[in-house]
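# Coordinate inspection notes
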Amino acid sequence: QVQLDVFGPIVDMIATLADAGAPLSGEHWRLVEAAVTAVQRRWDEPDHGIWEVRGPRQHYTHSKAMCWLAVDRGVRIAERLLGRERSDWVELREHIAADVLERGYNASLGAFTMAYGDDRLDAATLTLGLCGLIDPTDERFVGTVRATEDALRQDAAVYRYRTDDGLPGDEGGFVICAGWLVEAYAAA
């Protein structure tokens, strides 16, 4: 399974440590550089997404957003550690953001979808407004929050998605998805 989303949370964790005043080592910086370099090389490839859906690779909206997150936080860390901006990273960050906002949003649904050009919803798209890729008060994000609740919430449970994922059995609710929904409402 190819998962390009993994880089974002790793670099975000290092940025969180830096923001909290923790000293960053050369190892931290090497990890940030390696993650952003991997994103530079591969962000525009399809993958299997956060949920590791069985089937062909796709351009999952959440994966692209997490690639953006890695670069965004890498820019912040570079400014802190190096005292300067990495212009190539800034340019990449803006390019990925534009791609996600254009291709990950389905205007007829009024929501960001599981994958580019898709009409399936995915609770992981709630992270777009939580990580800063889009303002949480933006109508596109608010529409995503509403659509997620309408289609993926059942009582207290929030499902990841409602689509065949190639695995046997029924889908269950995910606590992290319920948390994202609560956070998204609070942010919006």
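Right, let's walk through the structure included here. (Residues numbered from 1 in each chain as written. Predicted model: local features only at pLDDT ≥ 70, side-chain atom pairs only at ≥ 80, totals over all residues. Heavy atoms only, no water.)

### Thoughts on the packing of aromatic side chains
Selection rule: Aromatic rings from Phe, Tyr and Trp, with only the six-membered ring used for Trp, were paired whenever their centres fell within 6.5 Å, and each pair was classed as stacked if the ring planes differed by under 30 degrees, edge-to-face if by over 60, and tilted otherwise. Strands are runs of DSSP state E lasting at least two residues, helices are runs of H or I lasting at least four, and both sets are numbered from the N terminus onward. When a residue's accessible area, from a 1.4 Å probe over protein chains only, is under 20% of the maximum for its type it is buried; when over 50% it is exposed; and in between it is partly exposed.
One pass over the full model with this rule turns up four aromatic pairs. When the centroid spacing of 5.8 Å and the interplanar angle of 35° are considered together, the rings of Trp 29 and Trp 89 count as tilted. Placement of the pair is Trp 29 in helix H2 (residues 26-42) and Trp 89 in helix H4 (residues 87-103), with a sequence separation of 60 residues. Residue Trp 29 shares its accessibility class with Trp 89, and that shared class is buried. Ring plane angle 50° and centroid distance 6.1 Å describe the contact between Trp 51 and Trp 180, whose orientation is recorded as tilted. Placement of the pair is Trp 51 in the loop between H2 and helix H3 (61-82) and Trp 180 in helix H7 (residues 175-187), with a sequence separation of 129 residues.

### What about the pattern of salt bridges?
Operational definition: Salt bridges, as used here, are contacts in which a Lys or Arg side-chain nitrogen is within 4 Å of a carboxyl oxygen on Asp or Glu.
If you walk through the whole model with that rule in mind, you get 14 salt bridges. Between Asp 138 and Arg 140 there is a salt bridge, and its shortest N-O distance comes to 2.9 Å. Judged by its relative accessible area of 28%, Arg 140 is partly exposed. Put simply, Glu 149 and Arg 153 hold a salt bridge, and the shortest N to O gap is 2.6 Å. Residue Glu 149 is classed as partly exposed on the basis of its relative accessible area, which comes to 21%. Given the relative accessible area of 38%, Arg 153 is considered partly exposed. Salt bridges here are not isolated pairs; linked through shared partners, they connect Asp 12, Asp 72, Arg 73, Arg 93 and Glu 94.

### Quick notes on the side chain of Thr 144
For clarity, the cut-off: The term polar contact refers here to a pair of N or O atoms within 3.5 Å; inside protein, the definition further demands a hydrogen-donor-capable atom paired with an acceptor-capable atom, and it admits residues adjacent in sequence only when both atoms are side-chain atoms. Residue contacts are counted whenever heavy atoms from the two residues lie within 4.5 Å of one another.
With respect to the helices and strands, the residue Thr 144 is situated in helix H6 (residues 139-152). You can call Thr 144 buried: its relative accessible area is 1%. From its side chain, Thr 144 meets the backbone nitrogen of Phe 112 in a polar contact 2.9 Å long. Of note is the side chain of Thr 144, whose polar atom sits 2.8 Å from the backbone oxygen of Arg 140. Beyond its immediate sequence surroundings of up to four residues, Thr 144 is in contact with Gly 110, Ala 111, Phe 112, Thr 125 and Leu 126.

### Overview of H2
The following threshold applies: Given the number of residues in a helix, its expected span is that number minus one, multiplied by 1.5 Å.
Taking 1.5 Å as the rise per residue, H2 with 17 residues should run 24 Å; its terminal C-alpha atoms sit 24 Å apart, in good agreement. Of the residues making up H2, those classed as buried are Trp 29, Val 32, Ala 35, Val 36, Ala 38 and Val 39. Along its buried surface, H2 packs onto helix H1 (7-19), H3 and H4. Capping the start of H2, Ser 25 holds a side-chain oxygen 3.2 Å from the backbone nitrogen of Glu 27, two or three residues further along.

By themselves, these are just geometric observations and shouldn't be taken as functional.
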